[in-house]
Amino acid sequence: MTILIHNRLKVFEPTASERIDIDTLASRPATLNGKVLGLLNNTKDQSDIILDQLEHQLKDQFDDAEVKYYRKPSVSGMPVSMKEQLTKEVDVLITATGD
């Protein structure tokens, strides 16, 4: 991004700092039957539609799975309290990016 301030050009470097808190992937279950599946809406447009369609497909394939819906407060990041809640309440978490 570049802006003009007092007839001087100011240039911003559009790179992020190195990320320190990278999460590891959880182990994958052999089946989704009998599992609690969390569907996480990331608040982007159309992600609710994608997750609704996915729920129907999951229920068709895994009739013994329980589906719970969650919604992030904003598109950027996830509060630690929500991450802890999801860790306790679901076996598998699925999210979608709309737009």
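In the block above lies the structure referred to throughout.
Presented here is a report on the structure given in the accompanying data block. (Residues numbered from 1 in each chain as written. Predicted model: local features only at pLDDT ≥ 70, side-chain atom pairs only at ≥ 80, totals over all residues. Heavy atoms only, no water.)

1. Let's talk about the side chain of Lys72
- Residue position: Lys72 is located in the loop between strand S4 (66–71) and helix H2 (80–89).
- The class for Lys72 is buried, based on a relative accessible area of 12%.
- Within the structure, the side chain of Lys72 is placed 3.2 Å from the backbone oxygen of Gly77, a separation counted as a polar contact.
- Setting aside its immediate chain neighbours within four residues, Lys72 contacts Leu40, Asn41, Asn42, Thr43, Gly77, Met78 and Met82. (Helix = DSSP H or I, 4+ residues; strand = E, 2+ residues; numbered from the N terminus. Buried < 20%, exposed > 50% of the residue type's maximum accessible area, 1.4 Å probe, protein only. Polar contact = N/O pair within 3.5 Å; in protein donor to acceptor, adjacent residues only side chain to side chain. Contact = heavy atoms within 4.5 Å.)

2. Quick look at the sheet that holds strand S3 (residues 36–41)
- Read from one edge of the open sheet, three strands run S4-S3-S5, paired in parallel fashion. Sheet topology places S4 and strand S5 (92–96) at the edges, where each strand pairs with a single neighbour. On average, adjacent strands in this sheet sit at an angle of 25° to one another, irrespective of strand direction.
- With five bridges connecting them, S3 and S5 associate as parallel partners. (Pairing = 2+ DSSP bridges. Axes fitted to C-alpha atoms, helices over the stretch in contact; angles between N-to-C directions.)

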